[in-house]
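Examination of the molecular architecture
Chain residues, written in single-letter form:
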Amino acid sequence: MAESTNMRLRLPLLCIILEVILIVLFGTLVEYNDDTDAKLWNENRNHSATRNDHENEFYYRYPSFQDVHVMIFVGFGFLMTFLQRYGFSSVGFNFLIAAFSLQWATLMQGFFHGLHHGKIHVGVTSMINADFCTGSVLISFGAVLGKTSPVQLLVMAIFEVTLFAVNEFILLSIFGANDAGGSMTIHTFGAYFGLMVTRVLYRPNLDKSKHRNSSVYHSDLFAMIGTIYLWMFWPSFNSAITNYGDPQHRTAMNTYYSLAACTLATFAFSALVNPEGKLDMVHIQNAALAGGVAVGTAGEMMLTAFGSMIVGFLAGTISVLGYKYLTPVLESKLKIQDTCGIHNLHGMPGVLGAVVGSVTAALASPEVYGHGIDFHFPTLVRTDTYVPLYPILLRLQRVFADVETGKWNPQSKGGFQAISLAVTLGMALFGGLITGLILKLPIYGAPPDTQCFEDGLYWEV
Amino acid sequence: MAESTNMRLRLPLLCIILEVILIVLFGTLVEYNDDTDAKLWNENRNHSATRNDHENEFYYRYPSFQDVHVMIFVGFGFLMTFLQRYGFSSVGFNFLIAAFSLQWATLMQGFFHGLHHGKIHVGVTSMINADFCTGSVLISFGAVLGKTSPVQLLVMAIFEVTLFAVNEFILLSIFGANDAGGSMTIHTFGAYFGLMVTRVLYRPNLDKSKHRNSSVYHSDLFAMIGTIYLWMFWPSFNSAITNYGDPQHRTAMNTYYSLAACTLATFAFSALVNPEGKLDMVHIQNAALAGGVAVGTAGEMMLTAFGSMIVGFLAGTISVLGYKYLTPVLESKLKIQDTCGIHNLHGMPGVLGAVVGSVTAALASPEVYGHGIDFHFPTLVRTDTYVPLYPILLRLQRVFADVETGKWNPQSKGGFQAISLAVTLGMALFGGLITGLILKLPIYGAPPDTQCFEDGLYWEV
Amino acid sequence: MAESTNMRLRLPLLCIILEVILIVLFGTLVEYNDDTDAKLWNENRNHSATRNDHENEFYYRYPSFQDVHVMIFVGFGFLMTFLQRYGFSSVGFNFLIAAFSLQWATLMQGFFHGLHHGKIHVGVTSMINADFCTGSVLISFGAVLGKTSPVQLLVMAIFEVTLFAVNEFILLSIFGANDAGGSMTIHTFGAYFGLMVTRVLYRPNLDKSKHRNSSVYHSDLFAMIGTIYLWMFWPSFNSAITNYGDPQHRTAMNTYYSLAACTLATFAFSALVNPEGKLDMVHIQNAALAGGVAVGTAGEMMLTAFGSMIVGFLAGTISVLGYKYLTPVLESKLKIQDTCGIHNLHGMPGVLGAVVGSVTAALASPEVYGHGIDFHFPTLVRTDTYVPLYPILLRLQRVFADVETGKWNPQSKGGFQAISLAVTLGMALFGGLITGLILKLPIYGAPPDTQCFEDGLYWEV
């Protein structure tokens, strides 16, 4: 007899327990930062002759935050409504796991990125980072879309957010890697984590729900809402947490051109791979976004519009080809059932982005960056938080960088970027494996093979 | 014989007369303010050594304004498209009455909030306030959705906007209450005004249109567009007109966490109250937003993320329970036909927000707010406009606050917040009663009982 | 036998060739500007005592850019989804030609608006300008919607972007005209260009596809997404590239009031022209936007809210009347098949906007603008780029302006604004004629008369 899919106790219990834990931990650990605390802000402002309320970081980060927020909730949410009878779950579960993940991410990232006297300080930058981490979970959601219960998704989010924060800490704080737009930390990590989870959850009889695993006319239009919002706001996504000034400005612009070039490649190859030359909505909805993924690391560097367009064009191309030729093989040979094709939108373009970032960093020079090169590439280990592993890792760094002399070294920088990709892949695959095994337990009310991709199982329809 | 619902003369006449009146009043009364007038801005800038064009308030308020604007037109508009055959009217009438209300609100709010030598000064802050007032009208629209003609809605807007401005004036200018996000002025007022209107317009035979008073699959997806936009931009809504600096930053963040916690509560209780544990789209679309309403007053205070999450969780819980258990009772016992369930989304959470605001204000202390406490809680009566009632009201204030010594007094502040709630409820219920009686006249082309919730009555379909 | 509509070779070839050309030209010609280049920004910042990263133009232009970006991709894209079976093409081809046009526009506008030592400098302002130019192409797309292949649309974009840049150069750089919101350069140009193209492509047997040239219920709701986004963000559109400070603030506010008044006029006249007094979705979707078009030139001037509302009300009125009475005549008498009715939304309101701009400029005085009048109306020829035509044009200017004395002259200014309209109309009609003739060649895979307004021709459905 099939496992019950009734959520009446499971889902409320899990949600309430999680929220209570979150509230207790927030009450214990979280404090306003200097820009959100009334007393601290007033004191800082009064002690500075030139500082005024207009300089609060809110005014320089919040518009970017809102664009990112739209991508997370509308972008990812509607992108996945393409299935004919899974729109409620796509938008709804996206909503649920994002609302949970951003709270949990605040804690995990705060814990790893630097406690202040044992407290986590929050403000608009931590909100952007929490949304970023959430994005990674939503990417993984794309791989298992239609085949998981909301309880499974929440459990996945618990583990994925935690591992995301660990991986991000290793890359940014220990290796000193650059990854402002998250080609590695968000896209590569989220994609390979999700692919491994869906591999472990492999369903040999999924074709029993095959007739529901496709789109209808209007569901494809809803999905285009998601696509277009992701596309439009990707420049904000990649630039949201770069340094102020030229890097933020440049990142937005590089992403803009990369996406434009990617879109032309997507239309070109979508028509080319079809015998009748007809365009495929799956490609337009997804591959056109690969250009944003692929400049997630190098976008803040002096990649130039020219370089961005080349990268975007490549990303769109490999993404369409992936949908056409690779996805069927992954499913038939490797037993990876990737509902949204996240390997094509986030996996391969994320790896491409990591490689481009590594090369661009290795080619950096003061002739191009001026005296700000140290500012753009802070290679040295950040020492504002004590971490027991530092001694070992510092020794590791010496292999690559002139840490002791503090001299900037582009080649070692490029090397660290490359190692960051390898670590990310390892963390994602290992984490996905463990998480997948946990999610395989028959206690979460997962849908039977005959009822996948169907809203009616978990929703009043 | 039923009243004619033909709008051919009624609607054009009303629209044109209203717009002509608006244009005449704007021509007579409205002027650019210091930040929008070419001459004034140039003079002010030239006389100040440090002031430059970058300090125009446009750069610090306009992004918030646009987010609020999206909530008013896309958020409210699409939220109400959940009905199967009322999408044109939901988005369309929302559009019409919002476009009227924001103009009328500019005049009413300008009149009450301070004339400058007999003129109303306008700029981005007045635009935000006008949109806020419009939001209140759209909340009331939710109660009568499907049962009113566009002419009725415009007439309702005329009265509601006027009373809104009076109530807002009493709360903010006379009581010196804090209510940046409008838990009281916008949500409580709009909800109880609308509930009273729909009570007066009670239709005993509304079940003749029962088959249309429900959603279909795609109409629920359109409604989710509204939900998600409201949810995402609520941090901007609550923070749009707070003071610059830490209050604005903090308000946005408190709202962010309140909404996240509210969403988990909504999913939890939606599954819990359903015998099969299935989620209900009505709850997700509405109750998940209650967390934004409930921190509308206290959001700018030092509520902390922790406090915000508790409030949000409570708001989501009472909202879902309201939809499940209270709405049917309100309809059967009190004859309140509340189409969108605004009592659950705006009414109860608004009252909760007022109470939370009152308590948080009463608990405020210089230890928490630093020397900025006077700035955050400007208790004293604002004297920039002359109001005949001041002598009486000043005497009233003395009961609560140390007005004469100018000493800040948190308890009296909390008291004023509580009185503000009572006044708002009174104004809303009384205003709704009068307006409802006016709308009951058989001259507006209201739909017959058999034709409610039907676009075909007023639209070419 | 009908021409093949198979896109398998045509579309990929054209896309790839165009993108390769773009990449080569960007590699050769395009450089980061002072605010996006790492070295330049660092040097400029270090040499200035007061300049800091917060003053990067990114923070003052990027939020406006994103609003414009949403209008281009969501606004235009979804506005055109009203057709029952053309939603994929509406959003999809809009996406494709916009992604191409913004790249091509960067080059064309950069070329005409001032090379720096032979290089085009790019930043957020050039991104906004490129999106603006793209908007013009999308307006023309509205006229030929449903009757053209994607290859035709790309070819149209090549020519239209080029001519747009020439016309914009003549108006802004030579005539010194003001047109921040593009009543002339964007709307009038795009509309009459598109109308001429569709005239040349006249299909006498288009009624064979008549049954598809209409909306269904949900397609009209998708279109309203486009409408509402255009309406909400039009204040950002008109103000995106004005000067900083009061002009940007004022422009946004004038547009806000113009649109509000326009909306009431639209509802009034839509009901009035229908025998049963029923509202028509076509009017609401389109005419309500005419108020944004009509203040595209004068919005930055001291038009006042009062003046803006009069202009908006007029624009809505003529637009609805145009849909009702003029469009059928244009089709039957002038053989202009204007699918979206761009003549009513962009054509007539654009001309109205040009006239209003001309009059408002002629009425300008230092009493109203203060000492900033030279700043608001830079009449003199900009001499930062060498242009062979200058000697002739300077002589032309002397007819109107006191160029030699440098004295500001409002009447000559108004005259130049009027001439700008005439030049724009000439350029648009001539350009549309040539482009139309080129598009008539039977090599682009245009749809047969029986298959217009049908996604299935170019999309996997």
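Structure shown above.
Residues numbered from 1 in each chain as written. Chains lettered and ligands numbered in written order. Predicted model: local features only at pLDDT ≥ 70, side-chain atom pairs only at ≥ 80, totals over all residues. Heavy atoms only, no water.

Time to look at the packing of aromatic side chains. Residues and elements named next belong to chain B. Here the structure, examined in full by the defined rule, presents 90 aromatic pairs over all chains. When the ring of Phe 100 is compared with that of Trp 104, the centres are 6.5 Å apart and the planes differ by 15°; the resulting orientation is stacked. Taken together, the residues span about one helical turn, with Phe 100 and Trp 104 both in helix α4 (residues 87-112) at a distance of four residues. The class of Trp 104 is buried, set by a relative accessible area of 14%. (Phe/Tyr/Trp six-rings, centres within 6.5 Å; stacked < 30°, edge-to-face > 60°. Helix = DSSP H or I, 4+ residues; strand = E, 2+ residues; numbered from the N terminus. Buried < 20%, exposed > 50% of the residue type's maximum accessible area, 1.4 Å probe, protein only.)

Another point: helix α3 (residues 58-79) of chain C. All names here are of chain C. Compared with the 32 Å implied by 1.5 Å per residue over 22 residues, the 29 Å span of α3 between its first and last C-alpha is a close match. Largest kink in α3: about 30°, centred on Met 71. Buried residues dominate α3, accounting for 21 of its 22 residues. (Expected span 1.5 Å × (residues − 1). Bend = angle between axes of the 7 residues up to and from the residue.)

Each partner contributes residues to the interface: chain A has 73 residues there, and chain B has 65 residues. Of the roughly 6100 Å² buried where chain A meets chain B, counting both sides, 73% is carbon and sulfur surface. At the junction of chain A and chain B, the tally comes to zero salt bridges. Inspection of the chain A/chain B interface yields 28 residue pairs in polar contact (both at pLDDT 80 or more). Of all the elements in the fold, those that place two or more residues in the side of chain A that touches chain B are α1 (10-29), β1 (30-32), α2 (38-46), α3 (58-79), α4 (87-112), α5 (124-144) and α8 (217-239) of chain A. Looking at side-chain class alone, the side of chain A that touches chain B contains 43 nonpolar, 19 polar and eleven charged residues. (Contact = heavy atoms within 4.5 Å. Buried area = accessible area lost by both parts, 1.4 Å probe. Salt bridge = Lys/Arg side-chain N within 4 Å of Asp/Glu carboxyl O. Polar contact = N/O pair within 3.5 Å; in protein donor to acceptor, adjacent residues only side chain to side chain. Nonpolar A, V, L, I, M, F, W, Y, C, P; charged D, E, K, R; others polar.)

As a rule of thumb, nonpolar side chains are buried together in soluble globular proteins. Counting 439 residues, the largest nonpolar core has Tyr 229 of chain A, Tyr 229 of chain B together with Tyr 229 of chain C as the members making the most contacts within it. Here Tyr 229 of chain C is in contact with Tyr 229 of chain A, Val 70, Val 74 and Tyr 229 of chain B together with Val 70, Met 71 and Val 74 of chain C, once residues within four sequence places are set aside. (Core = buried A, V, L, I, M, F, W, Y, C linked by side-chain atoms within 4.5 Å.)

Laying chain A over chain B is done by rotating through 120° and shifting 0.0 Å along the axis; what remains is an RMSD of 0.0 Å. Both copies of the chain, as the preceding transformation shows, are related through a three-fold rotation axis. Considering only C-alpha atoms, the residue of chain A closest to the rotation axis is Pro 63 of chain A, which sits at 3.9 Å. When the interface residues of chain A are mapped onto chain B, a mere 8% of them again fall at the interface, so the copies present different faces. (Least-squares fit on C-alpha atoms with pLDDT ≥ 70 in both.)

What follows deals with the pattern of salt bridges. Here the structure, examined in full by the defined rule, presents 15 salt bridges over all chains. One salt bridge in this structure joins Glu 276 of chain B and Lys 278 of chain B, with 4.0 Å as the shortest N-O distance. With a shortest N-O distance of 2.8 Å, Asp 53 of chain C and Arg 45 of chain C are connected by a salt bridge. For Asp 53 of chain C, a relative accessible area of 14% puts it in the buried group. Overall, Arg 45 of chain C belongs to the buried group, its relative accessible area being 19%.

Residue and element names in this part refer to chain A. On the surface, Leu 9, Leu 13, Ile 17 and Ile 21 cluster together to form a nonpolar patch covering roughly 390 Å² of accessible area. Secondary-structure assignment places Leu 9 in the segment before α1. The class for Leu 9 is exposed, based on a relative accessible area of 59%. (Patch = residues over 30% accessible without salt bridge, like charges linked within 9 Å, V, L, I, M, F, W, Y side chains within 5 Å. Areas by Shrake-Rupley, 256 points an atom, 1.4 Å probe, with all protein chains shown as cover.)

Okay, the side chain of Glu 168 of chain A next. All names here are of chain A. Here Glu 168 lies in helix α6 (residues 150-174). At 2.7 Å, the side chain of Glu 168 forms a polar contact with the side chain of His 113. Those residues within four positions of Glu 168 in sequence are excluded, and the remaining contacts are Gln 109, His 113, Asn 129, Ser 173 and Thr 185.

Here we come to the relation of the copies chain A and chain C. Superposition record for chain A on chain C: RMSD 0.0 Å, screw rotation 120°, translation along axis 0.0 Å. A low fraction, 9%, of the interface residues of chain A reappear at the interface in chain C, so the copies pair through non-equivalent surfaces.

The next point concerns unusual backbone geometry. For Phe 453 of chain A, which is not glycine, the phi dihedral falls at a positive 55°. Following the sequence through the fold, Phe 453 of chain A ends up in the segment after α17 (410-439). Phe 453 of chain A gets classed as buried once you look at its relative accessible area, which sits at 1%. Phi is positive for His 117 of chain B, which is not a glycine, with a value near 55°. Here His 117 of chain B shows up in the loop between α4 and β2 (120-122).

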